[in-house]
Amino acid sequence: MKPYLLSLAVGALVGVIYSTLGVRSPAPPAIALLGLLGMLLGEQVIPLARKIVHREPVVAWLRTDCAREVLGPHAAPPPRDDAGASV
């Protein structure tokens, strides 16, 4: 039940933002798609900040895990074994 209430709350917040910007809901397709892209990128802010704070490699994470989350499972390069060959 909690995810549904959270989703409703976030949807209401987005509705308030749309109203403030003067965008009708449902938004025109281009605006809606940019909003979805913004959500996908926004989900990666906290993991990115954690990587930076803990001084972990950021570029490798962007190319693999982040790319997979934002662009889909086929966007990241295939995993490699210890010898550097594709698995």
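Our subject is the structure that appears above.
Residues numbered from 1 in each chain as written. Predicted model: local features only at pLDDT ≥ 70, side-chain atom pairs only at ≥ 80, totals over all residues. Heavy atoms only, no water.

**Student:** Talk me through helix H4 (residues 59-71); I want residue IDs and the actual numbers.
**Tutor:** Across its 13 residues, H4 extends only 16 Å between first and last C-alpha, which sits more than 12% below the 18 Å expected from 1.5 Å per residue. Residue Asp 65 marks the point of greatest curvature in H4, where the axis turns by about 35 degrees. Of the positions making up H4, those classed as buried are Trp 61, Cys 66, Ala 67 and Val 70. Phi for Gly 72, located one or two positions after H4, is positive at around 110 degrees. (Helix = DSSP H or I, 4+ residues; strand = E, 2+ residues; numbered from the N terminus. Expected span 1.5 Å × (residues − 1). Bend = angle between axes of the 7 residues up to and from the residue. Buried < 20%, exposed > 50% of the residue type's maximum accessible area, 1.4 Å probe, protein only.)

**Student:** Lay out a nonpolar patch on the surface with the relevant residues and their values.
**Tutor:** Residues Leu 6, Val 10 and Val 14 make up a contiguous nonpolar surface patch of roughly 240 Å² in combined accessible area. Under the relative-accessibility criterion, Val 10 is labelled partly exposed at 41%. (Patch = residues over 30% accessible without salt bridge, like charges linked within 9 Å, V, L, I, M, F, W, Y side chains within 5 Å. Areas by Shrake-Rupley, 256 points an atom, 1.4 Å probe, with all protein chains shown as cover. Salt bridge = Lys/Arg side-chain N within 4 Å of Asp/Glu carboxyl O.)

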